[in-house]
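Residues per chain, in single letters:
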Amino acid sequence: MKQYIQTIFPAEFKRNPAYWRAFILGCMLMVLAVLQLFQFEDFPGLIAAMRLPGGAMVAWLVAALMPLLEIASLPYLFSMKVPAKLRLISMWCGVATGALWLALTLWTSLTQGMGLQSGIFGATLPANSGWWSVLFAALLLWSQLLTMRELPKRRER
């Protein structure tokens, strides 16, 4: 079974474990995006409950932007062979995802306390905000930054 799974992935995955770490991070972001999109009709209301400055318009913008950024970061994390500019955009979308989640969880924890849903898992899995969500978002950002440092540069056009 292990040999079959290894034949699915490119040879680079065998030589450098950084590709596997990036792949696992990509799977995590994919799970977050699926959970957020599964009940997307409730997700903007969940973000609006955070009482962000700007009201409902900002809540809808953030609710649409979060899954989009998470999905846009997948080509870099899954080591897809894409043009260099698209790979660079995908890399920075991953950083923006972590930074935005860190800002949202910090805002929620400082202004609302722990009685509000964090929104990291969308409306599908209710998870209260608090310092655990800030830590989760910080680890998400930190792992993206470490992945950026570890993954070798690709030379595609």
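Each remark here, short or long, concerns the structure printed above.
In what follows, the accompanying structure is described. (Residues numbered from 1 in each chain as written. Predicted model: local features only at pLDDT ≥ 70, side-chain atom pairs only at ≥ 80, totals over all residues. Heavy atoms only, no water.)

A separate point is the packing of aromatic side chains. The description of two aromatic rings rests on the distance between their centres and on the angle between their planes. The tally for this structure, following the rule as stated, stands at four aromatic pairs. Seen in terms of ring centroids, Trp-20 and Phe-23 are 6.2 Å apart; in terms of plane orientation they differ by 85 degrees. Their pairing is edge-to-face. Of this pair, Trp-20 and Phe-23 both sit in helix H3 (residues 18-38), three residues apart, which is roughly one turn of that helix. Trp-20 gets classed as partly exposed once you look at its relative accessible area, which sits at 29%. With a centroid separation of 5.2 Å and 45 degrees between ring planes, the pair formed by Phe-23 and Phe-78 is classed as tilted. Of this pair, Phe-23 sits in helix H3 while Phe-78 sits in the loop between helix H6 (74-77) and helix H7 (84-111), and the two are 55 residues apart along the sequence. Classification of Phe-78 as buried rests on a relative accessible area of 18%. Aromatic rings pair up to connect Trp-20, Phe-23 and Phe-78 into one cluster. (Phe/Tyr/Trp six-rings, centres within 6.5 Å; stacked < 30°, edge-to-face > 60°. Helix = DSSP H or I, 4+ residues; strand = E, 2+ residues; numbered from the N terminus. Buried < 20%, exposed > 50% of the residue type's maximum accessible area, 1.4 Å probe, protein only.)

One can describe the packing of H3 onto helix H8 (residues 131-150) by two numbers: an axis separation of 10 Å at closest approach and a directional angle of 145 degrees. Pair H3 / H8 crosses with left-handed handedness. Residue-level inspection shows Ala-18, Arg-21, Ala-22, Leu-25, Met-28, Leu-29 and Leu-32 of H3 in contact with H8, the latter providing Phe-136, Leu-140, Ser-143, Gln-144, Thr-147 and Glu-150. Tallied by class, residues from the contact of H3 with H8 come to eight nonpolar, three polar and two charged. (Axes fitted to C-alpha atoms, helices over the stretch in contact; angles between N-to-C directions. Left-handed = near helix turned anticlockwise from the far one by under 90°. Contact = heavy atoms within 4.5 Å. Nonpolar A, V, L, I, M, F, W, Y, C, P; charged D, E, K, R; others polar.)

As a rule of thumb, nonpolar side chains are buried together in soluble globular proteins. One finds Phe-43, Ile-47 and Trp-101 to be the most contacted residues of the largest nonpolar core, which totals 36 residues. If you list the elements that add at least two residues to this core, you get H3, helix H4 (43-48), helix H5 (55-72), H6, H7 and H8. Looking at this core element by element, the count peaks at seven residues for H3. When sequence neighbours within four positions are dropped, the list of residues in contact with Ile-47 reads Leu-52, Ala-59, Val-62 and Ala-63. (Core = buried A, V, L, I, M, F, W, Y, C linked by side-chain atoms within 4.5 Å.)

Okay, the packing of H7 against H8 next. Relative to each other, H7 and H8 sit at 165 degrees, their axes nearing to 8 Å. Overall, the two elements H7 and H8 adopt an arrangement that is roughly antiparallel. For the element pair H7 and H8, the recorded crossing hand is left-handed. Residues Met-91, Trp-92, Gly-94, Val-95, Gly-98, Ala-99, Trp-101, Leu-102, Thr-105, Leu-106, Ser-109 and Leu-110 of H7 pack against Trp-131, Ser-133, Val-134, Ala-137, Ala-138, Leu-140, Leu-141, Gln-144, Leu-145 and Met-148 of H8. Residues belonging to the contact of H7 with H8 are distributed by class as follows: 16 nonpolar, six polar and no charged. (Parallel < 35°, antiparallel > 145°, perpendicular 65-115°, else oblique.)

The next subject is the side chain of Thr-108. Counting through the fold element by element, Thr-108 comes out in helix H7. Look at Thr-108 and you get buried, because its relative accessible area is 1%. Separated by 2.8 Å, the side chain of Thr-108 and the backbone oxygen of Leu-104 make a polar contact. Residues within four places of Thr-108 in sequence aside, it is in contact with Met-50, Gly-113, Leu-116 and Ser-129. (Polar contact = N/O pair within 3.5 Å; in protein donor to acceptor, adjacent residues only side chain to side chain.)

Summarising the element assignment, Phe-43 is placed in helix H4. Residues Phe-43 and Ala-63 lie 20 residues apart in sequence; the distance between their C-alpha atoms is 6.3 Å. Leave out the neighbours within four places in its chain, and Phe-43 touches Gln-36, Ala-63, Met-66, Pro-67, Trp-101, Gly-119, Gly-122 and Ala-123.

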